[in-house]
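# Tertiary structure, described
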Amino acid sequence: MAFMEKPPAGKVLLDDTVPLTAAIEASQSLQSHTEYIIRVQRGISAENSWQIVRRYSDFDLLNNSLQIAGLSLPLPPKKLIGNMDREFIAERQKGLQNYLNVITTNHILSNCELVKKFLDPNNYSANYTEIALQQVSMFFRSEPKWEVVEPLKDIGWRIRKKYFLMKIKNQPKERLVLSWADLGPDKFLSDKDFQCLIKLLPSCSHPYIYRVTFATANESSALLIRMFNEKGTLKDLIYKAKPKDPFLKKYCNPKKIQGLELQQIKTYGRQILEVLKFLHDKGFPYGHLHASNVMLDGDTCRLLDLENSLLGLPSFYRSYFSQFRKINTLESVDVHCFGHLLYEMTYGRPPDSVPVDSFPPAPSMAVVAVLESTLSCEACKNGMPAVSRLLQMPLFSDVLLTTSEKPQFKIPTKLKEALRIAKECIEKRLIEEQKQIHQHRRLTRAQSHHGSEEERKKRKILARKKSKRSAVENSEEHSAKYSNSNNSGSGASSPLTSPSSPTPPSTAAGLGLSKRCPPRDVCITSTSSTSASTTSSSLASCEHRGAYTAPAPGCEWCEPRGLTQLHPEFPKGNFEESRNL
């Protein structure tokens, strides 16, 4: 079967191009030194993080190893006396955090084995050169005509891909390069189809593809041999570098930044686009274009490392184009990577960031037009043009290519179908990764906006308004309840009160007895067994105090209706008894 749902044996699921971030969480002082606790995270998921503990001496050792890059890295200086003071440790911690930020944001440094081992020792503790040598030695048992001259240490950027200088025993002066690589996370071919396609690569003949002399593979890796080119790659030409030097030394800090001439840019660009179109027409996925994968042979560019897509290795620029959801096919990936390559050819250095807002002066406006169509904000947002569209642009349309070699690359129908399915799986993984990055970016923006000072002030003002509104509503509700209780005071459910005892304020209010009559003269009649007298007295008010008083017109208590009318269920006997008293 051409496609395997489960990861095949030997496949490395870890994507080495996913960036690592590091933050110093705390420091702890021991007897003679200080340790720094660092939280390292791979990608955007906080769940994919771990802690490491490093001393200053570990940082110093790493910095010494990175000096080959020729960069001035901001490592805090050493201090022999007073290096255990609390203030000094806090200041040094800030400096070390800045140092980590610099090396993790540098595209070349962050992908090198030294930094990966420092931040993620569990996944990068193996000696990959030794592993490669073991695999190569096993191969030489069945192929005795080859012989290793020397390992070409770290000439490439990949951690799991190693190079060796080779020779043929009966041709000792001829030099070749052997490359060995593990399987990557994008390997979706079955082992049978994978090995068949690897063995097809030497049969590929194209004027702009660097010829493969020998190729073989097993269930976990692949081995290819090509001729060694003393002139090196297109990147070596741009950076004036020696091909055998380590990758960090060649490209991290070039001594002289100078782009190529306009005619070179036009010719090399046209040749690269032609071979990309050829591969896409054949249904062969690539996705690994960058200046180090273009070999120079005189005035001719030849593409390298066609096996990378079969091995499932991630692209050099993956951390760039995975940020843009419109770059979601291998053709659009190749076009975007061509923009990076064209920028390097034009300006002698890679872009500082992508997308590029404005381009420096170029030898021709036609160059800027192509760069804008591949690296600008609008292009990254709306999508890449097709390779055929780039070939029609003025920069390349008038370039005449003279070659007598006829392209030839025969792929059986069964393997074409396997390549198609594998290509779809590679693009599917890319789309899923882009979706996760997009969701994380939206969430981060929302949290940042929610936590801004202006947003906090707005929330405080809204909270105060809501509190005032609630207070007003509660007050109105309380007033309404109080009013309703007054209006229902004459109802049948009011509590009964003995007239011989003082009426509580609440009961009096419920019975409507709290009103006082205006001051007037009231006649009080007293009945005795011996005599009766009438007394006229001026009272300030008439109030129920537990004794009966003569009725006074206009007073709710003094009206003749009495309590039986104020409260129909009030017992009449009690009222008569009270009046007699």
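The following refers to the structure shown. Only a predicted model underlies this, so the values are computations on that prediction, with no experimental measurement involved.

Here the focus is the packing of helix H1 (residues 56-65) against helix H2 (residues 86-105). One way to put it is that H1 packs onto H2 with a least axis distance of 12 Å and a crossing angle of 35°. Crossing of H1 against H2: the hand is left-handed. Only Arg92, Leu96, Tyr99, Leu100 and Ile103 of H2 make contact with H1, whose side of the interface consists of Tyr56, Phe59, Leu62 and Asn63. Among the residues forming the contact of H1 with H2, the class breakdown is 7 nonpolar, 1 polar and 1 charged.

For the rest of this paragraph, the subject is a positive patch on the surface. A contiguous patch of positive charge, built from Arg456, Lys457, Arg459, Lys460, Arg464 and Lys468, is present on the exposed surface. Tracing the sequence through the fold places Arg459 in helix H18 (residues 453-487). Given the relative accessible area of 31%, Arg459 is considered partly exposed.

Before going further, it helps to spend a moment on the pattern of salt bridges. Tallied over the entire structure, the rule returns 26 salt bridges. The shortest N-O distance in the salt bridge between Arg318 and Asp15 comes to 3.4 Å. Of the two residues, Arg318 sits in helix H11 (residues 318-321) while Asp15 sits in the segment before strand S1 (20-29), which places them 303 residues apart along the sequence. Within this structure, Asp15, Asp186, Arg318, Arg429 and Glu433 form a network of salt bridges that share partners.

The next subject is the sheet that holds strand S7 (residues 214-217). Spatial strand order, S4-S5-S6-S8-S7: 5 strands in an open sheet with antiparallel pairing. Each edge of the sheet is formed by a strand with only one pairing partner; in this case those strands are strand S4 (146-152) and S7. Across the sheet, the axes of successive neighbouring strands diverge by a mean angle of 25°, strand direction being ignored. Bridge count between strand S6 (residues 171-182) and strand S8 (residues 221-227): 7 bridges; the pairing is antiparallel. Counted as the bridge partner of Ser179 is Leu224 from S8. Sitting on the sheet, helix H5 (residues 128-142) touches S4, strand S5 (161-168), S6, S7 and S8, and the angle it makes with S5 is about 40°. Sitting on the sheet, helix H6 (residues 191-200) touches S7 and S8, and the angle it makes with S7 is about 170°.

Soluble globular proteins tend to pack their nonpolar side chains together in the buried interior. Within the largest apolar cluster, 115 residues are counted, with the highest numbers of intra-cluster contacts made by Leu66 and Leu289. Filtering out sequence-adjacent residues up to four positions away, Leu66 remains in contact with Leu73, Tyr99, Ile103, Leu109, Cys112, Leu114, Val115 and Leu248. Counting 13 residues, the second-largest nonpolar core is a separate cluster that includes Trp146, Ile168, Trp180 and Leu223.

Turning next to the packing of helix H9 (residues 262-282) against helix H12 (residues 330-347). In a packed pair of helices, the relevant descriptors are the angle between the two axes and the axis-to-axis distance. Axis separation between H9 and H12 bottoms out at 11 Å; the angle between their running directions is 165°. For the element pair H9 / H12, the angle class is roughly antiparallel. Between H9 and H12 lies a crossing of right-handed hand. Taken together, the residues of H12 that come into contact with H9 (itself represented by Ile265, Tyr268, Gly269, Ile272, Leu273, Leu276 and His280) are Leu330, Glu331, Asp334, Phe338, Leu341, Leu342, Met345 and Thr346. Among the residues forming the contact of H9 with H12, the class breakdown is 10 nonpolar, 3 polar and 2 charged.

Another aspect to go through is the pairing of S6. Bridging between S5 and S6 involves 8 bridges; their strand directions are antiparallel. Bridged to Ile168 within S6 is Gln171. Counted between consecutive antiparallel strands, the loop separating S5 from S6 contains 2 residues.

Thresholds, definitions, all that
Residues numbered from 1 in each chain as written. Predicted model: local features only at pLDDT ≥ 70, side-chain atom pairs only at ≥ 80, totals over all residues. Heavy atoms only, no water. Axes fitted to C-alpha atoms, helices over the stretch in contact; angles between N-to-C directions. Helix = DSSP H or I, 4+ residues; strand = E, 2+ residues; numbered from the N terminus. Left-handed = near helix turned anticlockwise from the far one by under 90°. Contact = heavy atoms within 4.5 Å. Nonpolar A, V, L, I, M, F, W, Y, C, P; charged D, E, K, R; others polar. Patch = residues over 30% accessible without salt bridge, like charges linked within 9 Å, V, L, I, M, F, W, Y side chains within 5 Å. Areas by Shrake-Rupley, 256 points an atom, 1.4 Å probe, with all protein chains shown as cover. Salt bridge = Lys/Arg side-chain N within 4 Å of Asp/Glu carboxyl O. Lys, Arg positive; Asp, Glu negative; His and termini not counted. Charge placed at Lys NZ, Arg CZ, Asp CG, Glu CD. Buried < 20%, exposed > 50% of the residue type's maximum accessible area, 1.4 Å probe, protein only. Pairing = 2+ DSSP bridges. Core = buried A, V, L, I, M, F, W, Y, C linked by side-chain atoms within 4.5 Å. Parallel < 35°, antiparallel > 145°, perpendicular 65-115°, else oblique.

In short, shape yes, function no, at least from these values alone.
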